[in-house]
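Each chain, letter by letter, is given below.
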Amino acid sequence: MRVGMLTGGGDCPGLNAVIRAIVRKGSFHYEDEFTGFLEGWRGLLDDLTMPLDLSSVGGILPRGGTILRTSRTNPSKHAEGIQKCAEALTRYKIDALIAIGGDDTLSVAQKLHERGVKVVGVPKTIDNDLAGTDYTFGFDTAVNVATSAIDRVHTTAEAHNRVMVVEVMGRDAGWIAMYSGIAGGADVILIPERPFDIDKVAELIRLRHSRGRYFSIVVVAEGAKFASDVDPQHGAPIVQDLGKDEFGHVRLGGVGNILAREIEKRTGFETRTVVLGHIQRGGTPSAFDRVLATRYGIGAIDMVHRGEFGCMAALRGNKIVSVPLADAIAKNRTVDQDMIDVAYGILDKLGQDRDAARR
Ligand code: F6P
């Protein structure tokens, strides 16, 4: 078969490992040939391709980024974009396409599938917010990077008697904040799923310091929201600017600095911010992500040969299974309630005590 491949959306550690696994299993086992489309869906719109064979994937397993490069191009925002993608696949005599990406990339894959294109998806994102799979590859690496950053911040916070706020990525899901915050022993973890009351956060830090601790670590997800006075369950995320990408996403970022200022104002404790940003996405994948990405790649090429189109390779328990793309993109997978309870337990308790004292 001639198989096309592309990587779309934000890059993430493990993309090259997926590409390598697909090419190796496809070449050795099925005698497939491959065409790589460059820069996500842009490659199909603008005829940007590269040949993919065993030699082009040699040595890429531990490399971050993607040899196919990537973009946030959305064909639906270009005149006849979806049609042009389908035509490009016919022109290049592609029998099946493997799209490696998050919900945006896979939503385009689903549109192509609805037009009869033979497409299989692989779930990629450091945010871990895709439904249908237990984990996306890239998430574990991002968590490890964030955790080691928190460990480093700990020692400097302790040396200076400071509160340190660490802002991590994750878009509308708090998975990275939650996992790295728990692993790094953060005192406060704030995630988009539950707007936070800044007074409670300050009170918690004051209480901790009154028990003799002289520093605190706060991990905040970029999409975390200050609770509004009108409705505590709602708030708006902090954005860097009002522009949106072709999939309609604003650029998040900046909540850490605002939070630090508000904490310092309320507690009087010196507070600093660290924004981890794209450091979480760059560099070599963790061993877990290399294994997961390799298993996803093998799963995807096997799905192509079993004819499981319109589906995505997914991890359920410890098995790679095939799930409908439509289910994977139907909704964002946010942090489970029991994990939220772990992070917000003390804040909630503080709130209850405060309400009881007022009554
Ligand atoms: O979706 C992955 C992600 O890293 C998000 O966590 C973050 O909000 C966004 O991408 C940043 O995108 P960009 O690389 O376009 O700045």
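A few points on the structure. Please read all numbers here as calculations on a predicted model, not as lab measurements.

Side note on the sheet that holds strand β8 (residues 216-221)
Spatially, four strands are ordered β7-β8-β6-β11 in an open sheet, and the strand pairing comes out parallel. On the outer flanks of this sheet lie β7 (188-190) and β11 (271-275), each paired with one strand and no other. The average undirected angle you get between the axes of adjacent strands in this sheet is 15°. Across three bridges, the pairing between β7 and β8 is parallel. Note on β8: the bridge partner recorded for Ile189 is Val219.

Focus on the pattern of salt bridges
Across all of its chains, the model carries 15 salt bridges by this definition. A salt bridge links Arg261 to Glu262; the shortest N-O distance between them is 3.2 Å. It is possible to trace a salt-bridge network through shared partners that takes in Asp199, Arg261, Glu262, Lys265 and Arg266.

What to know about the site of the ligand
The environment of the ligand is made up of Arg72, Ile126, Asp127, Met169, Gly170, Arg171, Glu222, His278 and Arg281. Between Arg72 and the ligand, the recorded distance is 2.9 Å, taken from a side-chain N or O atom to an oxygen atom. In this structure, Gly170 approaches the ligand through a main-chain N or O atom, which is 3.1 Å from an oxygen atom. Surface burial for the ligand is 80%, taken as the share of its 400 Å² of free accessible area covered by protein chains. Structurally, the ligand is housed in the largest pocket.

Structural notes on the pairing of strand β1 (residues 2-7)
Sheet faces and side chains relate simply in a regular strand, where the side chains alternate between the two faces. For β1, a buried count of five out of six residues is recorded, marking the element as mostly surrounded by other parts of the structure. Strand direction decides the pairing type here: β1 and strand β2 (residues 33-37), joined by four bridges, are parallel. Each residue of the ladder has a partner; that of Val3, found in β2, is Phe34. In this view, the connection linking β1 to its parallel neighbour β2 by way of helix α1 (residues 15-30) has right-handed handedness. Of the strand pairs in this sheet, β1 and strand β4 (residues 96-101) are connected by five bridges, and their pairing is parallel. For Leu6, the partnering residue across the bridge sits in β4 and is Ala99.

With respect to the packing of helix α7 (residues 198-210) against helix α8 (residues 255-267)
Contact geometry for α7 and α8: axes closest at 9 Å, N-to-C directions at 60°. The orientation of α7 with respect to α8, classified from their angle, is oblique. The handedness of the crossing between α7 and α8 comes out as right-handed. Side by side, α7 and α8 meet where Ile198, Asp199, Val201, Ala202, Ile205 and Arg206 of the first sit next to Leu259, Glu262, Ile263, Arg266 and Thr267 of the second. Across the contact of α7 with α8, the residue classes break down as six nonpolar, one polar and four charged.

Describing the nonpolar core
Grouped together as the largest cluster of nonpolar side chains are 84 residues, with contacts concentrated most on Met5, Leu52, Ile98, Ile100, Phe137, Leu190 and Leu259. Sorting elements by how many residues they give to this core places helix α5 (residues 139-160) first, with eight residues. Residues Phe37, Ile82, Leu89 and Leu130 belong to the second largest nonpolar core, which totals 26 residues.

Considerations on helix α3 (residues 81-91)
Among the residues making up α3, those that are buried are Gly81, Ile82, Cys85, Ala86, Ala88 and Leu89. The buried residues of α3 occupy an angular sector of 155° when the element is viewed end-on, so they sit on one face. Looking at the packing, one finds that the buried side of α3 touches β2, α2 (42-45), β4 and α4 (103-114). Within two residues after α3, Lys93 carries a phi angle of roughly 55°, on the positive side.

Some details on the layout of surface pockets
Of the volumes computed, that of the largest pocket is approximately 690 Å³. Counting residues per element, the ones that place at least two in the lining of the largest pocket are α4, β6 (163-168), β9 (239-244) and β10 (250-252). For the lining of the largest pocket, a count of residues per class yields eight nonpolar, twelve polar and 15 charged.

Here we look at the sheet that holds β2
The seven strands are arranged β3-β2-β1-β4-β5-β12-β13 in an open sheet whose pairing can be described as mixed. Whereas interior strands pair on both sides, the edge strands pair on one side only; in this sheet they are β3 (49-52) and β13 (319-324). Across the sheet, the mean angle from the axis of one strand to that of its neighbour is 30°, orientation sign disregarded. Summarising the sheet, strand β5 (residues 119-123) and strand β12 (residues 311-316) pair through two bridges and their orientation is parallel.

Things to note about the packing of α3 against α4
Where α3 meets α4, the closest approach of the two axes is 10 Å, and the angle between their N-to-C directions is 70°. One finds that α3 runs roughly perpendicular with respect to α4. For the pair formed by α3 and α4, the contact residues are Ile82, Cys85 and Ala86 on the first element and Val108, Lys111 and Leu112 on the second. Taken together, the residues that form the contact of α3 with α4 break down as five nonpolar, no polar and one charged.

How each quantity is defined
Residues numbered from 1 in each chain as written. Predicted model: local features only at pLDDT ≥ 70, side-chain atom pairs only at ≥ 80, totals over all residues. Heavy atoms only, no water. Pairing = 2+ DSSP bridges. Helix = DSSP H or I, 4+ residues; strand = E, 2+ residues; numbered from the N terminus. Axes fitted to C-alpha atoms, helices over the stretch in contact; angles between N-to-C directions. Salt bridge = Lys/Arg side-chain N within 4 Å of Asp/Glu carboxyl O. Near = heavy atom within 4 Å. Polar contact = N/O pair within 3.5 Å; in protein donor to acceptor, adjacent residues only side chain to side chain. Areas by Shrake-Rupley, 256 points an atom, 1.4 Å probe, with all protein chains shown as cover. 1 Å grid on protein atoms, 1.4 Å probe; cavity = no way out; pocket = protein on both sides within 12 Å on 5 of 7 lines; lining within 4 Å. Sits in = over half its atoms within 2 Å of the grid points. Buried < 20%, exposed > 50% of the residue type's maximum accessible area, 1.4 Å probe, protein only. Right-handed = clockwise from strand over helix to strand, strands pointing away. Parallel < 35°, antiparallel > 145°, perpendicular 65-115°, else oblique. Left-handed = near helix turned anticlockwise from the far one by under 90°. Contact = heavy atoms within 4.5 Å. Nonpolar A, V, L, I, M, F, W, Y, C, P; charged D, E, K, R; others polar. Core = buried A, V, L, I, M, F, W, Y, C linked by side-chain atoms within 4.5 Å. Arc of directions from axis to C-beta. Points joined across faces, edges and corners; volume = space filled by probe spheres on them.

Spatial relationships are all this shows, so hold off on functional conclusions.
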